[in-house]
Amino acid sequence: MTRQYTTGNASISFETPVFIQSCASIVSQKEGEGPLGSCFDSVSSDPLFGTDTWEAAESTMQKKAAALAIEKAGLDFSQIRLLFAGDLLAQTVASSFGTADLGIPFYGLFGACSTMGESLSLAALCTAAGYGQHILCATSSHFASAEKEFRFPLGYGNQRPFSATWTVTGSGACILNTAPPGEKSPLRSGNGCAAITGLTAGRVMDYGLKDSMNMGGCMAPAACDTIARNFSDFGRKPSDYDAVFTGDLGSIGQKILLDLLSEQNIQLSPIHKDCGILIYDNPSQDTHAGGSGCGCSAVVLASYILPKVVSGEWKRILFVPTGALLSKVSFNEGDSIPGIAHGVVIEHMEV
């Protein structure tokens, strides 16, 4: 069992790190055509993934990502103690339908696009407390299912403002373990691997914004709050991290975040990266402000971030998936769109 220490008013540090044993990323063609295309485990040319509906496609994608992460870890389904998973759809149906026949005890989560940070946080706490040796984290999003759920059916052909982001069709999964990955694991480079050493829980931040076509603006205050509290709680400054990754603020949300942090005398620009900006090539892919969705930060973490931490190129990074906590009901009733962001400290470890 790993001893945990509360740090500040919202953070936790682990005396012994929680190791990331394996990871997997599944995406569709548009994501495969972007700058990170060669990094993903699987790129499908069929956005329906062999199914008849967008929702079933997302469930299939999440099941494949979970199964691949388990396979990479050299495990079978019966060895996974718990599964923390979620998505953007009502009642998290992509996750529950997608993982139903895996036979793994399941906790369904909703943190909007911050869900990968939420699942990693809860899984790390459970692993550190000794409640399971192998715990699976997974999430997904699909462009078509999200448009159908929150905006307009694709056949409507509506125009999107330049502040809008493009929901990533993708699913990412990670397995956490009390021990480091084996020598033959893809997440092991010599004696190096990646581990979670700290967490900063997000707070719901509501600045009264109501524009669902500007998710970056809605989520930026939450990202600012979590990043600033992480620095304060751990007694760190930007130079203590090689990179700080937000989930899907996009180009507009990134500017707002940097301005808000600058007001607190935190200059994050040299090390800040956003998964929504990294995953697509704009303007050639015409995603406007960038990528978004639960799958955005999850697939970038699994395909791009973790390998660089494992290799030692980055010694310590802060992973901050961001989420807009709206529903189609709250939006249609004219409510504002609160945001949330969860911080996960991931470090290179020599074992």
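Everything that follows concerns the structure shown earlier in this document.
Here's what I pulled together on the structure shown here. (Residues numbered from 1 in each chain as written. Predicted model: local features only at pLDDT ≥ 70, side-chain atom pairs only at ≥ 80, totals over all residues. Heavy atoms only, no water.)

## Section: helix H2 (residues 54-72)
- Taking 1.5 Å as the rise per residue, H2 with 19 residues should run 27 Å; its terminal C-alpha atoms sit 27 Å apart, in good agreement.
- Within H2 the residues assigned to the buried category are Ala57, Glu58, Ser59, Met61, Gln62, Ala65, Ala66, Ala69 and Ile70.
- Looking at the packing, one finds that the buried side of H2 touches strand S2 (11-28), strand S4 (82-86), helix H3 (93-99), strand S6 (134-141), helix H5 (143-150) and strand S8 (170-177).
- Immediately downstream of H2, the backbone of glycine 74 shows phi near 70°, a positive value. (Helix = DSSP H or I, 4+ residues; strand = E, 2+ residues; numbered from the N terminus. Expected span 1.5 Å × (residues − 1). Buried < 20%, exposed > 50% of the residue type's maximum accessible area, 1.4 Å probe, protein only. Contact = heavy atoms within 4.5 Å.)

## As for the nonpolar core
- Grouped together as the largest cluster of nonpolar side chains are 48 residues, with contacts concentrated most on Leu120, Ile196, Ile305, Phe319 and Ile346.
- With eleven residues, the top contributor of residues to this core is helix H9 (residues 294-311).
- Sequence-distant contacts of isoleucine 305, defined by excluding residues within four places in its chain, comprise Phe245, Cys275, Val300, Trp314, Ile317 and Phe319.
- Judged by nonpolar contacts, the second largest core, of 28 residues, contains Phe231, Leu260, Leu268 and Leu326. (Core = buried A, V, L, I, M, F, W, Y, C linked by side-chain atoms within 4.5 Å.)

## Some words on the packing of helix H4 (residues 115-128) against H9
- Viewed as axis vectors pointing N to C, H4 and H9 meet at an angle of 60°, and their least axial separation amounts to 7 Å. The angle between H4 and H9 places the two elements in the oblique class. On H9, the residues touching Thr115, Met116 and Leu120 of H4 are Cys294, Ser297, Ala298 and Leu301.
- In terms of residue class, the contact of H4 with H9 is made up of five nonpolar, two polar and no charged. (Axes fitted to C-alpha atoms, helices over the stretch in contact; angles between N-to-C directions. Parallel < 35°, antiparallel > 145°, perpendicular 65-115°, else oblique. Nonpolar A, V, L, I, M, F, W, Y, C, P; charged D, E, K, R; others polar.)

## Some remarks on the pattern of salt bridges
- A complete count under the given rule lists nine salt bridges for this structure.
- Aspartate 225 serves as the salt-bridge partner of arginine 203, at 2.7 Å between the closest nitrogen and oxygen. Here the residue arginine 203 occupies a position in the loop between strand S9 (192-200) and helix H6 (215-234), and aspartate 225 occupies one in helix H6, the gap between them amounting to 22 residues.
- The partly exposed category is assigned to arginine 203, whose relative accessible area is 40%.
- For aspartate 225, a relative accessible area of 11% gives the class buried.
- Residue glutamate 313 is joined to lysine 308 by a salt bridge in which the shortest nitrogen-to-oxygen separation is 3.3 Å.
- Overlapping salt bridges, with partners in common, bring together Arg203, Asp225 and Arg229 in one network. (Salt bridge = Lys/Arg side-chain N within 4 Å of Asp/Glu carboxyl O.)

## Quick notes on the packing of aromatic side chains
- Scanning the model with the defined rule gives five aromatic pairs in all.
- A centroid spacing of 5.4 Å and a plane angle of 15° characterise the contact between phenylalanine 84 and tyrosine 107, whose relative ring orientation is stacked. Separated by 23 residues along the polypeptide, phenylalanine 84 in strand S4 and tyrosine 107 in strand S5 (residues 106-109) bring together distant segments of the chain.
- Under the relative-accessibility criterion, phenylalanine 84 is labelled buried at 5%.
- A residue is classified by how much of its surface remains accessible, and tyrosine 107, at 47% relative accessible area, is partly exposed.
- One aromatic cluster in this structure is built from Phe245, Tyr304 and Trp314.
- Over the face of the ring belonging to tryptophan 166 we find lysine 30, whose NZ or CZ atom lies 4.6 Å from the ring centre. (Phe/Tyr/Trp six-rings, centres within 6.5 Å; stacked < 30°, edge-to-face > 60°. Lys NZ or Arg CZ within 6 Å of the ring centre and 35° of its normal.)

## A short note on the environment of lysine 237
- Along the chain, lysine 237 falls in the loop between H6 and strand S10 (243-246).
- A relative accessible area of 48% places lysine 237 in the partly exposed class.
- Sequence separation of lysine 237 and glycine 323 is 86 residues, and the distance between their C-alpha atoms is 24 Å.

## Remarks on the packing of H6 against helix H7 (residues 250-262)
- Closest axis-to-axis distance for the H6/H7 pair is 8 Å, and the angle between their directions is 40°. By the angle between their directions, the pair H6 and H7 is classed as oblique. With respect to the hand of their crossing, H6 and H7 are arranged in right-handed fashion. The segment H6 lies against H7, with Gly216, Gly217, Ala220, Pro221, Ala223, Cys224, Ile227 and Ala228 engaging Gly253, Ile256, Leu257, Leu260 and Leu261.
- Class assignment for the residues of the contact of H6 with H7 results in ten nonpolar, three polar and no charged. (Left-handed = near helix turned anticlockwise from the far one by under 90°.)

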